[in-house]
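Structure at a glance
Below, each chain spelled out in residue letters.
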Amino acid sequence: MDFGIAGKVALVTASSSGLGEAVAHALAAEGVKPILFARSADKLRAVAAAIEQRHGVRALAVPGDLRSKDDIERLIATLKQECGAPDILVVNTGRPPLTLREVLDETEDERWEDAYRTQLWGAIQVTQKVVPLMLPRGWGRVIAITSASVKQPTPRKGLSTIFRVGVTAYMKHLSTEIAASGITVNSVCPANINTPTFRSDSELQARRTRVPMGRLASPEEFAASVAFLASQNAGFITGQSLVVDGGMNATLL
Ligand SMILES: NC(=O)c1ccc[n+]([C@@H]2O[C@H](COP(=O)([O-])OP(=O)(O)OC[C@H]3O[C@@H](n4cnc5c(N)ncnc54)[C@H](OP(=O)(O)O)[C@@H]3O)[C@@H](O)[C@H]2O)c1
């Protein structure tokens, strides 16, 4: 299937590993030029080099921290200089603070602040600054990567659920406000995708037993759903949250 997005430019945040990296590869495989943003400069440049080698498209690495206003300003300045505006924005973020706790045990302001800035503040800052640049084009795709916990909370992951629900709400508002602009806005909600998030064999095994499909997904399998939402084919889908979790979520809607 031709996704019809060859030659377009995509900003993919939190893309030095895991889901963000896989999404950048999936888009590059469709001929999209990715702009990568994450803190680890060396890892980010290695991902950009791998994308250029494997897919033959230009990939640009912009090292920076989603929690930093200065870094986001620098990212926006680079975007303007490089392409004016991206056609596709994939808002991925870092993970919540470890170790996981029940909400009444979340008593440290630093953990709340870190979770808020990494998962919600940074996502909104980037979207808020990039979408106005996209609007004059009359075409665009905004896709936020959240978590399946927005539909069904996972125990001891309150610091994730609380802020990702905020991202979901922001994206829903945005999708309605700019629905007539040609820019679609959706969220993809992962669970059980086999990235460096899962460290030990025992954790992996415990995960597998909770997934109705009896397995985890590869990052590439997850990234294919993001690439679809970025495609021309998904032009009438907006304001949605697509759960990609191997059937774990028990909610009806
Ligand atoms: N894998 C799953 O099944 C699953 C399930 C539910 C939710 N999620 C969520 O999906 C997102 C991606 O997950 P993943 O499994 O791919 O995690 P991962 O492999 O740990 O990747 C996280 C990415 O975020 C970047 N990052 C972290 N903090 C950042 C910051 N402050 N500024 C900029 N970039 C930052 C990291 O790069 P640097 O360290 O270089 O900055 C890395 O590229 C996370 O928010 C995760 O919680 C994943």
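The preceding data block contains the structure.
Residues numbered from 1 in each chain as written. Predicted model: local features only at pLDDT ≥ 70, side-chain atom pairs only at ≥ 80, totals over all residues. Heavy atoms only, no water.

**Regarding the site of the ligand**
Every one of the 29 residues lining the ligand counts as a neighbour, but Ser 40, Arg 95, Arg 164, Thr 195 and Thr 197 are closest to it. In this structure, Ala 14 approaches the ligand through a main-chain N or O atom, which is 3.5 Å from an oxygen atom. One nitrogen or oxygen atom from the side chain of Thr 195 is found 2.4 Å from an oxygen atom belonging to the ligand. Against a free-state accessible area of 890 Å², the protein chains account for coverage of 92% of the ligand. The class makeup of the residues in the shell around the ligand is 10 nonpolar, 14 polar and five charged. (Near = heavy atom within 4 Å. Polar contact = N/O pair within 3.5 Å; in protein donor to acceptor, adjacent residues only side chain to side chain. Areas by Shrake-Rupley, 256 points an atom, 1.4 Å probe, with all protein chains shown as cover. Nonpolar A, V, L, I, M, F, W, Y, C, P; charged D, E, K, R; others polar.)

**Structural notes on the pattern of salt bridges**
Throughout the structure, instances matching the rule amount to 10 salt bridges. When the shortest N-O distance is used, the salt bridge between Asp 114 and Arg 67 registers 2.8 Å. Placement of Asp 114 in helix 4 (residues 109-134) and of Arg 67 in the loop between strand 3 (60-63) and helix 3 (69-83) is noted, with a sequence separation of 47 residues between them. Here Asp 114 falls in the partly exposed class, since its relative accessible area comes to 24%. For Arg 111, the salt bridge goes to Glu 106, with nearest N and O atoms at 2.7 Å. Note on Arg 111: relative accessible area 7%, which makes it buried. It is possible to trace a salt-bridge network through shared partners that takes in Arg 101, Glu 106, Glu 108 and Arg 111. (Salt bridge = Lys/Arg side-chain N within 4 Å of Asp/Glu carboxyl O. Helix = DSSP H or I, 4+ residues; strand = E, 2+ residues; numbered from the N terminus. Buried < 20%, exposed > 50% of the residue type's maximum accessible area, 1.4 Å probe, protein only.)

**Some words on the packing of helix 4 against helix 5 (residues 158-177)**
Two elements in contact, helix 4 and helix 5, have axes separated by 9 Å at closest approach and are oriented at 15 degrees. By the angle between their directions, the pair helix 4 and helix 5 is classed as roughly parallel. For the crossing formed where helix 4 meets helix 5, the hand is right-handed. Taken together, the residues of helix 5 that come into contact with helix 4 (itself represented by Arg 111, Trp 112, Ala 115, Tyr 116, Gln 119, Leu 120, Ala 123, Ile 124, Thr 127, Gln 128 and Val 131) are Leu 159, Ser 160, Ile 162, Phe 163, Arg 164, Gly 166, Val 167, Tyr 170, Met 171 and Leu 174. (Axes fitted to C-alpha atoms, helices over the stretch in contact; angles between N-to-C directions. Parallel < 35°, antiparallel > 145°, perpendicular 65-115°, else oblique. Left-handed = near helix turned anticlockwise from the far one by under 90°. Contact = heavy atoms within 4.5 Å.)

Geometric descriptors of this kind do not, in isolation, establish any biological role.
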